[in-house]
2 protein chains.
Amino acid sequence: VTLTGGEGADNGGGTRATSTAIVIHPGVLPGVPEAIAALPGVRVVCPPEEEIAEALRDAEVLITWKWRDEYLNGRLRWLQSHSAGSDQYPLAALKEHGIVLTSARGVHIVCAEHAIGLLLAMTRDIHQSIREMPARTWNLHVAPEVGGRTVVVLGLGAIGEAIARRLQGWEVRLIGITRNPAAYEGILDDVRPLSELEAAAAEASILIVALPAAPETRHIVSADVLEALGEGWVVNISRGAVIDEAALVERLAAGTLRGAGLDVTEVEPLPPDSPLWDLPNVVITPHMAGLTPRYGERLAAIVSRNLVAFSGNGPWVNRIV
Amino acid sequence: VTLTGGEGADNGGGTRATSTAIVIHPGVLPGVPEAIAALPGVRVVCPPEEEIAEALRDAEVLITWKWRDEYLNGRLRWLQSHSAGSDQYPLAALKEHGIVLTSARGVHIVCAEHAIGLLLAMTRDIHQSIREMPARTWNLHVAPEVGGRTVVVLGLGAIGEAIARRLQGWEVRLIGITRNPAAYEGILDDVRPLSELEAAAAEASILIVALPAAPETRHIVSADVLEALGEGWVVNISRGAVIDEAALVERLAAGTLRGAGLDVTEVEPLPPDSPLWDLPNVVITPHMAGLTPRYGERLAAIVSRNLVAFSGNGPWVNRIV
């Protein structure tokens, strides 16, 4: 499939020679190829996955969320990731081959809505009302309130910052945790390093996880952090590996943690025999927090600016390598 | 049951004479009698409902959410409502008898959390994931985003204003609808009268109902308003009568309205044969949006200030009559 669109794409025979060919992985979200093809001076190629390496013999740009080392053999010069993170790419090899890697940081801010939706589904017992609907019960009761509580936002990338921004005006105290507080430039006043997570959890009753997967973040939400949090709630919309899931299940089953809203788990899809499916104080959504009908529009905005950088006329956006 | 507490309540035999007896309806929320009894100079009496009129022969203050005309026969001078609205009280009779009526306006701001929770449960398809959990499915799909949309907040009392405040930073355009836009003093810029509801709905895809029940608000969310809203979402956390429920059901069943999150319905409890129970794009919670563990604390803060007014030393809070 080849899509051609945007202004200037059809201005006679000379245009094709100056347009930029962009290879797009078939697994991207609906609307992404169309949004990229609508950019001026772009020619989009969407081969089946097994033909991507071949397509890269004639193209210098790839948009994907999945890596194969054979992509190094072609003319690839710029890899635009479809993901916010970059843990799936061989950073050293890309650097060695002079391939620029840019992330989709900022495209997934809808995760902030999803995180707060999961939180409120738990705290306000909306999940319980939904489960009771088939029985037509009218189980009126007092559910907890988020207002007045302390909320830890673990991870202050674009998503964590979007969560913090959306919780302004909610009468909560917000503590941000990030790898490098000195470099933080967002709206939070109280920002602490990863090493202070447990102490921050002890001050809070809500923990929202928005931290990328990385060796140093694996199981950073440990049994000790959960114990410090006490009778509260955990929401995770980043990566399952950030939480010690066995410890999480133990506290949820014991009721020492009040609830969890999880869009991600250590193994995905979550295995049918996971106890998380049956716990009455857990809501699972299937890794869809970052999916939005606006994905194409947002990714195209990043690609548009990076096309200028690619032609040597401006700075890169979200450059990783 | 008689509760006595707070500073000064036990300062010798003279205190009882100067303390204010407050009769509290047994149907108030847990924690309310205790929070009121903890106020200084207060003696709380909690009789069974059928003995309230008798208790009012010796007391001038009543806290209730339910009216009986026999309450006019005693010494009642101040009626503090347990509710945000006042549609259940005989305003003219109270005025004629020189009884002050104050509402619990501001106590129910947790409704704002509940409203946004219902909205996100619908838009982000969290309700669908919850319903699919027993089947252990991993039905990953693209759900809608609230960001970028126009939201109508219908009713700008304490709850509507709290909703508007909590949606700052969500990248939505907010339109407020209130009975008297000229008297509005909140944070919204775009505030319009009730007569412009249909036109506002035509600009929006989300309608949040936070309007008191009153003759002029009955079915104000009409078939025409719902048609103007189009393929969007309705949330109601105020009173069922504000929406034409038959029209709502029709559009939900046809899918011309994408979803509804309803904490209130025209008849409560919602009858078992209501089609709302079975619609896959509806979430029902049983009139609990305003319930919070902080109810007593908040109501006591209002009563505390009104006790000063009752003794003739300050202005009333939330005075209706």
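Look up: the structure comes first, before these words.
Note that residues are indexed from 1 along each chain, following the sequence as it is written. Chains and ligands are labelled by the order in which they are written, letters from A for the one and numbers from 1 for the other. Only residues with pLDDT of at least 70 get local features here, since the model is predicted, and only at 80 or more are side-chain atom pairs given and counted; chain-wide, interface and lining totals rely on the full set of residues. Neither water nor hydrogens contribute to the side-chain values; these are computed over all heavy atoms in the structure.

Student: What am I meant to see in the overall build of chain A here?
Tutor: Segments assigned H or I by DSSP are reported as helices when at least four residues long, segments assigned E as strands when at least two residues long, and all are numbered from the N terminus. Helix and strand content of chain A: eleven helices and 13 strands. Using C-alpha atoms as the atom set, the radius of gyration is obtained and then compared with a globule rule of 2.2 Å times the number of residues to the power 0.38. Scaling as 2.2 N^0.38, a compact globule of 321 residues should have a C-alpha radius of gyration of about 20 Å, and chain A matches this with 22 Å. Projected onto its principal axes, the C-alpha positions of chain A cover 70 × 50 × 35 Å. When accessible area is computed with a 1.4 Å probe and restricted to protein chains, residues below 20% of their type maximum are described as buried, those above 50% as exposed, and intermediate ones as partly exposed. Here chain A holds 321 residues, and 58% of them are scored as buried. When checking whether two residues touch, look at their non-hydrogen atoms; a contact exists if any pair is within 4.5 Å. Contacts in chain A between residues far apart in sequence, at least 24 positions, make up 59% of those at least 6 positions apart. Total accessible area on chain A stands at roughly 12,700 Å², and carbon and sulfur atoms take up 49% of it. Positive charges are assigned to Lys and Arg, negative charges to Asp and Glu, while His and the chain termini are left out of the count. Lysine's charge is taken at NZ, arginine's at CZ, aspartate's at CG and glutamate's at CD. Across chain A, the centroid of the 26 positively charged side chains sits 5 Å from that of the 38 negatively charged ones. Method for areas: the Shrake-Rupley scheme with a 1.4 Å probe, in which residue coverage is limited to the protein chains shown.

Student: Would you mind showing me how to read the sheet that holds strand E10 (residues 206–209) of chain A here?
Tutor: Hydrogen bonding along the main chain pairs the strands of a sheet, whether they run parallel or antiparallel. Residue and element names in this part refer to chain A. We treat two strands as partners when DSSP finds at least two bridges between them. Overall, parallel pairing links the seven strands, which are arranged E9-E8-E7-E10-E11-E12-E13 in an open sheet. The sheet terminates laterally at strand E9 (191–192) and strand E13 (282–284), the two strands that pair on one side only. With two bridges joining them, strand E8 (residues 173–177) and E9 adopt parallel strand pairing. Bridging from a neighbouring strand, isoleucine 177 pairs with arginine 192 of E9. The angle between two axes is taken between their N-to-C directions and runs from 0 to 180 degrees, where each axis is a line fitted to C-alpha atoms and a helix contributes only its stretch in contact. Most of the contacts of helix H5 (residues 110–123) go to strand E11 (residues 233–236), to which it runs at about 150 degrees, and overall it touches E10, E11, strand E12 (259–262) and E13.

Student: Explanation requested: the relation of the copies chain A and chain B in the structure shown.
Tutor: For the pair chain A and chain B, the superposition axis carries a translation of 0.0 Å, the fit reaches an RMSD of 0.1 Å, and the rotation angle comes to 180 degrees. Put plainly, the chains are arranged around a two-fold axis. Rotation axis and chain A: the residue whose C-alpha lies nearest the axis is Gly117(A), separated from it by 2.8 Å. The residues that chain A uses at the interface reappear at the interface of chain B in 100% of cases, marking a shared surface. Superposing the copies works by least squares over the C-alpha atoms of residues that have pLDDT at least 70 in both of them.

Student: What's the story with the sheet that holds strand E8 (residues 173–177) of chain B in this structure? I'm lost.
Tutor: Residue and element names in this part refer to chain B. The seven strands are arranged E9-E8-E7-E10-E11-E12-E13 in an open sheet whose pairing can be described as parallel. The open sheet has two free edges, formed respectively by strand E9 (191–192) and strand E13 (282–284), since each of these has just one partner strand. Helix H5 (residues 110–123) contacts strand E10 (206–209), strand E11 (233–236), strand E12 (259–262) and E13 of the sheet and is inclined by roughly 150 degrees relative to E11.

Student: I keep staring at the packing of aromatic side chains and nothing clicks. Help me out?
Tutor: Describing an aromatic ring pair means giving the distance of the ring centres and the angle of the ring planes. All names here are of chain A. For Phe, Tyr and Trp, rings pair up if their centres lie within 6.5 Å, where Trp contributes its six-membered ring, and each pair is then called stacked (planes under 30 degrees apart), edge-to-face (over 60) or tilted (otherwise). If you walk through the whole model with that rule in mind, you get eight aromatic pairs over all chains. Both rings, one in tryptophan 67 and one in tyrosine 89, keep their centres 6.5 Å apart while their planes meet at 80 degrees; by these two values the pair is edge-to-face. Taken as a pair, tryptophan 67 in the loop between strand E4 (61–64) and strand E5 (78–81) and tyrosine 89 in the loop between E5 and helix H4 (91–96) lie far apart in primary sequence, 22 residues in all. Judged by relative accessible area, tryptophan 67 falls into the buried class, the value being 15%. Taking relative accessible area as the criterion, tyrosine 89 reaches 5% and is therefore assigned buried.

Student: Before we go on, may I ask you to explain unusual backbone geometry in this structure?
Tutor: Peptide bonds are, in most cases, trans, and in most cases residues other than glycine have a negative phi. Residue Pro269(A) is bonded to the preceding Glu268(A) through a cis peptide linkage, with omega at -10 degrees. The topology assignment puts Pro269(A) in the loop between E12 and E13. Positive phi outside glycine occurs at His219(B), with the angle close to 55 degrees. Tracing the backbone shows His219(B) in the loop between E10 and helix H9 (223–229).

Student: Explanation requested: the interface of chain A and chain B in the structure shown.
Tutor: Accessible area lost during the coming together of the parts is what is often quoted as the interface size. Contact residues are listed per partner, giving 61 residues for chain A and 61 residues for chain B. Throughout, buried area stands for the accessible area (probe radius 1.4 Å) lost by two parts on being put together, summed over both. When chain A packs against chain B, the two sides together hide about 5,300 Å² of surface, and 65% of this comes from carbon and sulfur. Contact with chain B buries area across many residues of chain A, yet Met133(A), Arg136(A) and Trp138(A) alone supply 16% of it, more than any other trio. Any Lys or Arg side-chain nitrogen found within 4 Å of a carboxyl oxygen on Asp or Glu counts as a salt bridge. The interface formed by chain A and chain B contains seven salt bridges. A salt bridge links Arg294(B) to Glu145(A); the shortest N-O distance between them is 3.4 Å. Identification of polar contacts relies on pairs of N or O atoms within 3.5 Å, with a donor-acceptor requirement for protein atoms, meaning one able to donate a hydrogen and the other able to accept it, and with residues adjacent in sequence counted only if both atoms are side-chain atoms. At the junction of chain A and chain B, the tally comes to 26 residue pairs in polar contact (both at pLDDT 80 or more). Put simply, the parts of the chain that give the side of chain A that touches chain B at least two residues each are H5, helix H6 (126–132), helix H7 (158–166) and E13 of chain A. Residues that form the side of chain A that touches chain B fall into these classes: 31 nonpolar, 16 polar and 14 charged. Throughout this entry, Asp, Glu, Lys and Arg are counted as charged residues, while Ala, Val, Leu, Ile, Met, Phe, Trp, Tyr, Cys and Pro are counted as nonpolar. The remaining residues, Gly among them, count as polar.

Student: Got a minute to help me understand empty space enclosed by the protein in this structure?
Tutor: Unoccupied space between atoms shows up once a probe the size of one water molecule is rolled over them. The way it works is a 1 Å grid over only the protein atoms, where trapped points that fit a 1.4 Å probe form a cavity and open points with protein on both sides within 12 Å along at least five of seven lines form a pocket, and then any residue with an atom within 4 Å of a point lines it. Grid points are joined across faces, edges and corners, and a volume is the space filled by probe spheres set on the points. Enumeration over the complete set of coordinates arrives at three cavities of 30 Å³ or more. If you go around the largest cavity, the residues you meet are Ser129(A), Glu132(A), Met133(A), Thr137(A), Trp138(A), Asn139(A), Trp277(B), Ile284(B), Thr285(B) and Pro286(B). For the lining of the largest cavity, the per-class residue count stands at five nonpolar, four polar and one charged.

Such coordinate-based values are descriptive only and should not be taken to indicate function.
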